Amino acid sequence: MTILTPTEDRRPKRSYRRDIALFAGLGVLVALVYALQGSAYATRMLVEAAAYAIIAIGLNIQWGYAGLFNVGVMGFIMAGAFASVLFTFPVNEAFWASDGAPMLGIAILWLIGAIAFVGLVAQGRRIGLPQGLVTALTIIAGAVAFMVVSAKFDAPTTLIEREAGFIGGFGLPVLVGWVAAGVVAGLIAWVVGKICLGLRADYLAIATLGIAQIIKTFLRNADWLTRGTLTVSPLPWPTPTVQELGFLWARGFYLALTAVILLVVYLLVQRAYHAPWGRMMRAIRDNEDAASSMGKNVNGRRLEIFILGCVLIGIGGAILVHFGSIFDPSGFVDLNHTFLVWVMVILGGAGNNRGAIFGAVLVYIIWVMSEPAALALFGLARDWGNQLFGWVAPGDLDSRALQMRVFVIGLTITLVLRFAPHGVLPERLRGRD
Amino acid sequence: MDELVFLINRGVIGGLILGSVYALGAVGVTLIFGILRFAHFAHGDMMTAGAFFAFMLAALLASFGVDLPVPLALALLPVVMGLTALFAIGLDKAFYKPLRDKGARPVVLVMASIGVTLMLQGLIRLFAGTGTRDMYLNAPKDIFRIPTGGRPIVVTEPQIWLILLTILAVVALHFFLTRSRLGKAMRAVSDNPELARVTGIPLETVVKATWIIGGGLAALAGTMLALDVSLRADLAYNMLLPIFAAAILGGIGQPYGAIAGGFIIGFAETFAIFNFSVILRPLADILPFAVPASLAVVPTEYRLVVPFVILVVVLIYRPTGIFKGRVF
């Protein structure tokens, strides 16, 4: 340790002081929420903020390390959340006893066969077919495969919906479900990344936005799988439940578990950042051409980090939805589950994981507290407007007041981009300051 | 015969309407992409904003007792288009230009446009609530039934106007881009911004013109769409994906490509959810299999998937689009 040069020794200290000051301020804010809103409420907020922090770290490594523009965070949250629900929800005996189960199995085999078939056709170049023909054949094969598979799924799904409601879950421990959440989100990310990562950043944004909408459309309409709008609840908890311990203790245990996961994720990601792997990632982000000419596989590394980020997003999503104890496909919206996370990352400081955690907690507090604040503000406006000018407010003023949150999130994005594009805790670049 | 009319009513007219709206939106997106080099996510909400301007002005006039043979919102279109164009320039001044001047990367501008989208949505919902409104204030919608012997072909007044105005806008755009100085300058900037700058083309004027055209066409599309269906705060958010799909399909930076792409996406979407079993029913005796009750390529609730699949296929196999757009 004595070999360290003086400059390298000093720099971290100086900026840690800033970190400590900011996190201390955040602590005061949290304490204020505890004092004002009560412990049970504040603990709930902290659990959700911690889950969002895991999601924000996932997005942060995609955007901050590799410059990948993922606006489909909601889709990966939903995919992870549902995967976890499927693995952990109690077994639905009616489904396994009915004819729907074997029929569904056969349909899934058809699906796998169809994917393999289309994949084989897409490899047509290897047997010497021209590219144009392969393209056309792949598209035709894809369309045919889609129609065949959707026809095969038709009968079992209607049967399941009629006889068993939905397929239920596998009844496995919750932690297994959370791992499954990461795996499923990662698999989807692999497919998306394979297709889109060679393209320009804007295209990735448009593609991920679409993926998120499609995942949501599917999960909302596939009643046989998710009960659709009927929602799935109550979801199991990995820690003792509210019924056993009461609100405060149950939420406290959940918070402890989530915080441990967050800490582990943070330490691992931080290690990776300072390892040669992280340096390579930043090199690719800062100068793709140079990195590529040094023999780095740019697209391969990007795919890696896109998958890794989405795994974290999926796990975070699962933690979030299990805590809420209900899986409601309509409850996932871009605003809460994509753009809010983006605000957390850019406000905290892209490329800095402490910044992502700080941003997540701060923005979530603001987000949660803005609801009573907006209602109070608009209530005040209504009273004063009424007294001074005889203004009669529209009856849905309260629901309109809540729409202000959309505006505030948008304004925050634009203002931060303009005045503090590196966030409050910017990435520390070695050898530049 | 009835089946053919059904196809025309549901498929052809529906596709034309949707295609017109997508095309008008995609022209704006593609011009902004070509000249300012970023994907403008707020374009859908600019359409909604235009429709709301039209609604507010029309409601104002109606409250003064003004009554015209055409719907008020339609008569006010030129005003609304101008207003939305000004609004678009204002958005640029307030949110995009400062970033551009600082030399921000295009990705940052895209993110800023997402911020603008959210702000517009918030404001529209704050002022207009989340309910739906009918844009026909003074009289009910005219519905034309063209007799064919059996079931009539049904077209409504706003649908006819939308198709006519789209043709008019496309022709006007064509003459603007090929004949006027500014239009030529726009194409030059879109082709090669560096070269255009050194030849002395005023970049800020071109940028302004881009917003005017994009905003005006967005207002046209939004207002006509709201006249055809109804006005909602989330009128155009779901249009974002098809509009981008149309712009990319046509080749980024190619206005004609965007128009073609808009109609292709519009028809693809309409026909993908079209129930073909109606067409097959008269042939039921000849066909070797029983005609199923519903025979659509995708169920109606999955219509959003169609433009997305087209988008992804185009991105994989022809990232420059069918009209050979630019690769950045």
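Residues numbered from 1 in each chain as written. Chains lettered and ligands numbered in written order. Predicted model: local features only at pLDDT ≥ 70, side-chain atom pairs only at ≥ 80, totals over all residues. Heavy atoms only, no water.

### What to know about a positive patch on the surface
Residue and element names in this part refer to chain B.
Now for step 1: Residues R179, R181, K184 and R187 make up a contiguous surface patch of positive charge.
Now for step 2: With 3 residues, the single largest contributor to the positive patch is helix α7 (residues 181–191).
Now for step 3: Inspection of the secondary structure puts K184 in helix α7. (Patch = residues over 30% accessible without salt bridge, like charges linked within 9 Å, V, L, I, M, F, W, Y side chains within 5 Å. Areas by Shrake-Rupley, 256 points an atom, 1.4 Å probe, with all protein chains shown as cover. Salt bridge = Lys/Arg side-chain N within 4 Å of Asp/Glu carboxyl O. Lys, Arg positive; Asp, Glu negative; His and termini not counted. Charge placed at Lys NZ, Arg CZ, Asp CG, Glu CD. Helix = DSSP H or I, 4+ residues; strand = E, 2+ residues; numbered from the N terminus.)

### Looking at the environment of I264 of chain B
Now for step 1: In this fold, I264 of chain B is placed in helix α11 (residues 255–272).
Now for step 2: For the pair formed by I264 of chain B and V206 of chain B, sequence separation is 58 residues and the distance between their alpha carbons is 29 Å.

### With respect to the nonpolar core
Now for step 1: Membership of the largest hydrophobic core comes to 241 residues, with the highest contact counts inside it found for I57, F69, F327 and Y364 of chain A together with F41, Y96 and W211 of chain B.
Now for step 2: When residues in this core are grouped by element, the largest group, 17 residues, is from helix α2 (residues 39–65) of chain A.
Now for step 3: When near neighbours in sequence (up to four residues on either side) are disregarded, F327 of chain A contacts M78, A81, F82, V85, L219, T226, T231, V232, L235, V321 and F332 of chain A.
Now for step 4: Counting 6 residues, the second-largest nonpolar core is a separate cluster that includes A272, I273, Y302 and V306 of chain B. (Core = buried A, V, L, I, M, F, W, Y, C linked by side-chain atoms within 4.5 Å. Buried < 20%, exposed > 50% of the residue type's maximum accessible area, 1.4 Å probe, protein only. Contact = heavy atoms within 4.5 Å.)

### Concerning the confidence of the model for chain A
All names here are of chain A.
Now for step 1: Looking at chain A as a whole, its pLDDT mean stands at 87, while 95% of the residues score no less than 70.
Now for step 2: Taken element by element, the predicted model of chain A shows its lowest mean pLDDT in helix α1 (residues 6–37) (77) and its highest in helix α3 (residues 73–88) (96).
Now for step 3: Counting interchain partners and residues more than four positions distant, the pLDDT-below-50 stretch residues 1–13 has 6 contacts. (pLDDT = per-residue confidence, 0-100.)

### Regarding the packing of aromatic side chains
Now for step 1: For the structure shown, the criterion picks out 27 aromatic pairs over all chains.
Now for step 2: A centroid spacing of 5.3 Å and a plane angle of 85° characterise the contact between F87 of chain A and F170 of chain A, whose relative ring orientation is edge-to-face. Taken together, the positions of F87 of chain A in helix α3 and F170 of chain A in the loop between α6 (131–163) and α7 (174–196) put the pair 83 residues apart, joining distant regions of the chain.
Now for step 3: Its relative accessible area of 24% is what places F87 of chain A among the partly exposed residues.
Now for step 4: An angle of 75° between the planes, with centres 5.1 Å apart, marks the rings of F274 of chain B and F276 of chain B as edge-to-face.
Now for step 5: Taken together, the ring pairs in this structure connect F6, F267, F271, F274 and F276 of chain B into an aromatic cluster.
Now for step 6: The lysine or arginine in question, R227 of chain A, covers the ring of F166 of chain A, its NZ or CZ lying 5.4 Å from the ring centre.
Now for step 7: Across from the ring centre of W367 of chain A, 4.0 Å away, lies the NZ or CZ of R405 of chain A, which sits over that ring. (Phe/Tyr/Trp six-rings, centres within 6.5 Å; stacked < 30°, edge-to-face > 60°. Lys NZ or Arg CZ within 6 Å of the ring centre and 35° of its normal.)

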